[in-house]
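The lines below spell out each chain.
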Amino acid sequence: MNEVVRYAPGQPGVPHRSMSGGKSGVGAALNPQSRVWFTIGHGILNEIYYPDLDRVCTKGMEFLISDGKEFFSEEQKDTYSEMKLLDDGVPAYRVINTCLQGRYRIEKEIFSDPCREVVLQHIRFIPLMYSLSEYRLFALLTPCLDNAGDDDTGFCSEYKGVPMLFAERDHAALALGSSAPWLHCSVGFVGVSDGWQQVHEHKRLQWNYGRAENGYIALTGEVDLQASNGSFILAIGFGRSFLEAAQRVRASLLCNYDSAKEQYTSEWRRWQETLRLPSHSGDQKRLASMSAAILRIHESKELPGGSIASLSIPWAFTGGKNDLGAYHLVWPRDMVQSAGALLALGARDDARRALLYLQATQERQGHWPQCMRLDGTHYCDGTEAAEAAYPILLAELARREEALEPQDLTRLWPMIKRAAGFIARTGPVNEVERWEEEGGYSPLTLAIRVAALLAAADFAEINSEPVIAAYLRETADWWNANLERWTYVKDDELARQSEVSGYYARSASPWKANPSAAPADFSTDSQAADKDVSPAAHVSASDALALVRFGLRMPDDRRIVDTLKVVDALLKVSAPQGPLWRRFARDTYGENEDGSAFAGNGKGRLWPLLAGERAHYELAAGTREAAESLLRTLEGCAGGGGMLPEQIWDSADIPESELYFGKPTGSAMPLVWAHAECLKLHRSLQDNHVFDLPSQTVQRYLTSRTDSVFAHWKKNNKIRVMRPGKDLRLELLASADVRWSSDNWKSINDSLTRETGVGIWVVELPAARLPANTVVRFTFYWIDERRWEGKDFEVTIADEES
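Residues numbered from 1 in each chain as written. Predicted model: local features only at pLDDT ≥ 70, side-chain atom pairs only at ≥ 80, totals over all residues. Heavy atoms only, no water.

Per an unreviewed UniProt entry, the protein chain goes by Glucan 1,4-alpha-glucosidase and derives from Abyssobacteria bacterium.

K.L.:
Would you take a moment to explain the pairing of strand 22 (residues 578–582) for this structure?
P.N.:
Successive residues of a regular strand alternate their side chains across the two faces of the sheet. Strand 22 sits mainly inside the fold: four of its five residues count as buried. Direction of pairing for strand 21 (residues 572–575) relative to strand 22: antiparallel, over a ladder of four bridges. When the sheet's bridge partners are listed, Ala575 is paired in strand 22 with Gly578. Adjacent in sequence and paired antiparallel, strand 21 and strand 22 are bridged by two residues. Sheet analysis places strand 22 next to strand 23 (residues 606–607), joined by two bridges and oriented antiparallel. Considered in strand 23, the bridge of Arg582 is made with Leu606. (Buried < 20%, exposed > 50% of the residue type's maximum accessible area, 1.4 Å probe, protein only. Helix = DSSP H or I, 4+ residues; strand = E, 2+ residues; numbered from the N terminus. Pairing = 2+ DSSP bridges.)

K.L.:
Is there a simple way to think about the packing of aromatic side chains in this case?
P.N.:
What characterises a pair of aromatic rings is the spacing of the ring centres plus the angle enclosed by the ring planes. A full pass over the atoms with the stated rule returns 26 aromatic pairs. When the centroid spacing of 5.4 Å and the interplanar angle of 50° are considered together, the rings of Phe111 and Tyr264 count as tilted. Note that Phe111 is positioned in strand 9 (residues 104–112) and Tyr264 in helix 5 (residues 257–273), a separation of 153 residues in sequence. Neither residue differs from the other here; Phe111 and Tyr264 are each classed as buried. Their ring planes at 10° and their centres at 4.8 Å tell us that Tyr441 and Trp486 sit as a pair that is stacked. In this pair, Tyr441 is assigned in the loop between helix 11 (413–426) and helix 12 (443–462) and Trp486 in helix 14 (residues 483–487), connecting sequence segments 45 residues apart. We classify Trp486 as buried; its relative accessible area is 1%. Clustering of aromatic rings is evident, with ring pairs tying together Trp713, Phe778, Phe780, Trp782 and Phe793. The ring of Phe71 has Arg103 lying over it, and the distance from NZ or CZ to the ring centre is 3.8 Å. Note that Lys301 overlies the ring of Trp37, its terminal NZ or CZ placed 5.3 Å from the centroid. (Phe/Tyr/Trp six-rings, centres within 6.5 Å; stacked < 30°, edge-to-face > 60°. Lys NZ or Arg CZ within 6 Å of the ring centre and 35° of its normal.)

K.L.:
Please clarify how helix 12 should be interpreted in this entry.
P.N.:
Each α-helix turn comprises 3.6 residues. Residues three or four places apart therefore point the same way. Taking 1.5 Å per residue, 20 residues should reach 28 Å; helix 12 reaches 29 Å between its end C-alpha atoms and fits that length. Just past helix 12, the residue Ser464 takes up positive phi, approximately 60°. (Expected span 1.5 Å × (residues − 1).)

K.L.:
Mind showing me how you'd approach the sheet that holds strand 7 (residues 79–87) here?
P.N.:
Each strand in a sheet pairs with its neighbour through backbone hydrogen bonds, running either in the same direction (parallel) or in the opposite one (antiparallel). Within the open sheet, the ten strands sit side by side as 1-16-12-13-14-18-10-9-8-7. Their pairing is mixed. Two strands in the sheet have a free side with no partner beyond their single neighbour: strand 1 (3–7) and strand 7. For this sheet, the mean angle separating the axes of adjacent strands, direction not counted, is 20°. Bridging between strand 8 (residues 90–99) and strand 9 involves six bridges; their strand directions are antiparallel. Paired with Arg94 across the bridge in strand 9 is Glu109. Packed on one face of the sheet, helix 4 (residues 242–254) meets strand 10 (118–127), strand 12 (152–159), strand 13 (162–169), strand 14 (172–178) and strand 18 (231–239) and runs near 150° to strand 18. (Axes fitted to C-alpha atoms, helices over the stretch in contact; angles between N-to-C directions. Contact = heavy atoms within 4.5 Å.)

K.L.:
Please explain the domain arrangement of the protein chain as it appears in this structure.
P.N.:
Domain parsing of the protein chain yields domain 1 (25–270), domain 2 (275–702) and domain 3 (710–797). Distance between the C-alpha centres of domain 1 and domain 3: 69 Å. (Domains from an automatic or database assignment.)

K.L.:
Just to check I follow, could you spell out the sheet that holds strand 21 for this structure?
P.N.:
Overall, antiparallel pairing links the three strands, which are arranged 21-22-23 in an open sheet. Strands at the two margins of the open sheet, each flanked by one partner only, are strand 21 and strand 23.

K.L.:
Is there a simple way to explain the state of the cysteines in this structure?
P.N.:
Covalent bonding between the sulfur atoms of two cysteines defines a disulfide. Taken as a whole and judged by the stated rule, the model has zero disulfides. The thiol of Cys57 is unpaired, and the distance to the nearest cysteine sulfur, on Cys144, comes to 7.1 Å. When its relative accessible area of 0% is taken as the criterion, Cys57 is described as buried. (Disulfide = S-S within 2.5 Å.)

K.L.:
Can you walk me through the confidence of the model for the protein chain in this structure?
P.N.:
Low pLDDT means the predicted atomic positions in that stretch should not be read closely. Averaged over every residue, the pLDDT of the protein chain is 92; residues scoring 70 or more account for 93%. Of the regions scoring below 50 in pLDDT, residues 508–532 engages in 57 contacts with residues more than four places distant in sequence or in other chains. (pLDDT = per-residue confidence, 0-100.)

K.L.:
What exactly am I supposed to notice about unusual backbone geometry here?
P.N.:
Negative phi characterises most residues that are not glycine, and trans characterises most peptide bonds. Backbone torsion omega between Gly427 and Pro428 reads 5°, so that peptide bond is classified as cis. Structurally, Pro428 is set in the loop between helix 11 and helix 12. Cis geometry marks the peptide bond from Met669 to Pro670; its omega dihedral reads 5°. By the secondary structure assignment, Pro670 is in the loop between helix 21 (624–636) and helix 22 (672–687). Backbone geometry places Asn229, a non-glycine residue, at a positive phi of 55°. As for its placement among the helices and strands, Asn229 is situated in the loop between helix 3 (225–228) and strand 18. Positive phi, normally seen in glycine, also occurs at Trp745, with a value near 70°. Within the secondary structure layout, Trp745 lies in the loop between strand 27 (736–741) and strand 28 (749–752). Residue classification places Trp745 among the partly exposed positions, given a relative accessible area of 25%.

K.L.:
Help me understand the pattern of salt bridges, please; the structure alone is not making it clear to me.
P.N.:
Pairing is possible between side chains that carry opposite charge, provided their charged atoms lie close to one another. With the rule as written, the count across this model stands at 63 salt bridges. Ionic pairing is found between Glu75 and Lys108, a salt bridge with its closest N-O pair at 2.8 Å. Of this pair, Glu75 sits in helix 1 (residues 75–78) while Lys108 is found in strand 9, placing the two residues 33 residues apart along the sequence. Each member of the pair, Glu75 as well as Lys108, is classed as buried. The partner of Glu213 in a salt bridge is Arg211, and the shortest N-O contact between them spans 2.6 Å. For Glu213, a relative accessible area of 32% gives the class partly exposed. Residue Arg211 is classed as partly exposed on the basis of its relative accessible area of 25%. If you follow the salt bridges from partner to partner, you end up with Arg35, Glu117, Arg240, Glu244, Arg248 and Glu302 in one network. (Salt bridge = Lys/Arg side-chain N within 4 Å of Asp/Glu carboxyl O.)

Here you go:
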């Protein structure tokens, strides 16, 4: 006998936890009417997102199985799971979970209603031992509405006479309905009175709790296996109210299931047919088509063009209610990678939507948040030095791929102009930032920003802004000319150990090796004085590759070749799939050595996308076979369902933590950037040329060998020494009268700055005519503020710059 109790005990339940970050499947309908996204892991539904990609609404849904007497089985823990796609490139899944004791099998088809906010599962429960009548089947659904999980209310009720289970919180609600009758329904608090506790202990729902308020809850419904003969459809619907969710559930259940599946799959097939997919056959083509689908799945329908980094929450099962991770957010750098890969596939409209979204979310100063919600709200306060550069490069790539209409060149110019101004004002020194880990200089961000400045200069010329174009090119020339002075370490212990003359390193490390190369007050400007400046800690797997990828240095440049030798010695690991790399030696983003999850500290593991970056280098270097081999390595990192992970475990197996050498860790999976890199590599190999290599840098620095016309001084890059034969350009953030002298103030000169058009005022002091060892001293009278700087600055003309 099941006892009916109005309110569940145990409020609020145990602390909320989310599922693993590793997904074996992700899906969504292409139809914009269906604003719901789902994920699959360990053979069950995990997070479902509604009404947009940055709003998690469920933790998971699984089945509990009992015989009503002694036997108890939990689907996600007590079965062996197999999964495959219903069709190539279509994110609809067939999952088969077989009991480890050989007693039953659960077969599922999972996709979303193409016309509604409903996730559908066609279930077949198949007894492998005993008869169907010997089993009891319970659907267990754990909500976490609107990115939370500790303040939901659940209840059992009806909609138009149809029994359903409900959950609601603020302006979000869900409903769980079944085509088979519910024998019993109950809601309870997780860990205390939920259905799992009851079925585990009593092998049935001992109490039918009708309501559980303001806590971490679970909904449980026992399916009538006899009435359905073990075959039925479950629908999880969403709405702004429980009534809206219930209406959608009932409508989906009333519609023809096969027709809904055909519409879902046919819409995806038609989109795939428009793409320029690799000509390979077999697994390689299937993975490429799935990668394309993953990119499209991660685009918003509420705010078209915006796409998130991953439909996953890395290591979220270790955190509390507010620790839902930052991957189901927009990271502009990741989003640009995705849009660039779509361009590689010929999806021009998709890339144009991305550019429009970036225009709409650009900050007044010209940059974008490091990461943000889809509506543009900042998620964290960090910024990244290259964040403003990526959208410029996307616009230029779209122009080269003929994805822009003539009017787009004018429409995009205000965004590009503001972004270029931000780059010029804040560079070349990095701010302290999450991705780069340190302030200082980085070959990676310098390469990206130099390429972006040159691309922006072309847009300036197209839009009749020659002054801006000239200034941006001259700035890029200065930064490019100083790359080695700022980031190349010579003849230190690491170089000697690696038997090379030097190597590129990011951040503050060069100043320990080359202290004379530091700006006059670098430790103050970059706040790096008290940080670990060991060069080995700052060698990055991406930096030297970026100098080639963005066209600043030739692939056979001895400095590049030597750096890759150092990188391989420090960061390369031979995995079962092939060679893989860590990001940098001091990376702390990953599991700890004992396998415990990242919780603010750990050790960075192997990143599959770096194999793609290295492959692009190999292609540029003319070693095509190596590039093709690395593509196979990258593809070999894919987990179940073709998902590429963020990181791969690089140590001995730790089975209790589900960590196996060469297999995905608990980090994000799928990682959109990894799929984007894979698709761009396919296109690059098809073209036998690096797809996103900027033409401007190649022409200016590799073909024409353009040098810098001026020596540049600015407040965040105060050079102390300049070579003879150049004029000294001062760059300021406001209009000023520059008072200067080349004879220790015996004579005084005044020069007025002029505006460049991007928020910088410049003036050139005629230092080219001055002899070596002259000291140029200067100060400023700020015109708008009507005040003197109150401090003198100086630059010495000498044969050696610093």
